[in-house]
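Spelled out from the first residue to the last, the chains are:
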Amino acid sequence: MPFTSVFDIIGPVMIGPSSSHTAGANRIGRAARRLFGRVPESVTVTLYGSFAKTYKGHGSDLAIVSGILDFDTSDARIPKALEIAKEQGVDITFVTAEEETDHPNTARLTLHDKRGAIEVIGVSIGGGSIEIREVIQLNPNPAGSTPAMLILHEDKHGAVAHVTTLLANHHINIGYMEVSRTGKGEDALMAIELDQAVDQTVINRMHTLPHIKEIWQVQTYHRSSAEGGVPCSIA
């Protein structure tokens, strides 16, 4: 099921001209960057509906790329996002699609580097708010489905330890874990692959831990970019 992004704020301070086509587009790009956890080497942005028709005039291309660079909606560098991406060695490709989607402001972002790739489908629902509809982890060596969690938290001492200790106390083994942050003492994101899904009672307990802000369970389906696949479900 879709979830409202952690960057969902009514009436954002932003570089215009449109909250849905600029602020929302920025947040889709930024959410994809947070989920990927690092600067990608290349990004393919596929735009649908209204996005596809007006992305240049409304600056949606600049906004999405600025989000991928982890710029905020009010960052003065947004108009130069494409230039900055090129300077940082990030290859950006825009594709427009004619197929119909559930929402006219839909973007599919595929982020790649030597370590792997991720595909994120986001929707700008108005007022700068977004929904992430699908997250697909692309892997050159498919290995089936893997339960995982995405945990947004404050970058504070003990936040990671509290989560890992809680999982250990419930005999839930961590297969892989990565933590990324926007800056020291700011927002951070834990991406944890597990050997089993986490029971809702454990998630409820996790919500009460210090510094935890948002939690999503994700069922990732590892596949190569050339294969078909089933998108993950996020709850």
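Residues numbered from 1 in each chain as written. Predicted model: local features only at pLDDT ≥ 70, side-chain atom pairs only at ≥ 80, totals over all residues. Heavy atoms only, no water.

## Here's the deal with the confidence of the model for the protein
Scored by pLDDT, the protein comes out at a mean of 80, with 80% of its residues at no less than 70. In the model of the protein, strand 1 (residues 3-4) stands out as the element of lowest mean pLDDT, 40, in contrast to helix 4 (residues 81-87), which has the highest, 96. Counting interchain partners and residues more than four positions distant, the pLDDT-below-50 stretch residues 140-144 has 8 contacts. Taken as a whole, residues 221-235 scores under 50 in pLDDT and shows 47 contacts with residues more than four places along the chain or in a different chain. (pLDDT = per-residue confidence, 0-100. Helix = DSSP H or I, 4+ residues; strand = E, 2+ residues; numbered from the N terminus. Contact = heavy atoms within 4.5 Å.)

## Side note on the pattern of salt bridges
The tally for this structure, following the rule as stated, stands at 11 salt bridges. Between D72 and R30 there is a salt bridge; the shortest N-O distance is 3.3 Å. Separated by 42 residues along the polypeptide, D72 in the loop between helix 3 (60-68) and helix 4 and R30 in helix 1 (residues 19-36) bring together distant segments of the chain. In this structure D72 comes out as partly exposed when scored by relative accessible area, which is 34%. Among the residues examined, R30 registers a relative accessible area of 13% and is labelled buried. Residue E119 pairs with R108 through a salt bridge whose shortest N-O separation is 2.9 Å. (Salt bridge = Lys/Arg side-chain N within 4 Å of Asp/Glu carboxyl O. Buried < 20%, exposed > 50% of the residue type's maximum accessible area, 1.4 Å probe, protein only.)

## Focus: unusual backbone geometry
At H171, a position not held by glycine, the phi torsion is positive, near 60 degrees. Considering the arrangement of structural elements, one finds H171 in the loop between helix 5 (159-169) and strand 8 (174-181). When its relative accessible area of 71% is taken as the criterion, H171 is described as exposed. Positive phi outside glycine occurs at H211, with the angle close to 75 degrees. Among the secondary structure elements, H211 is positioned in the loop between helix 6 (200-207) and strand 10 (212-222). Overall, the relative accessible area of 28% leaves H211 in the partly exposed class.

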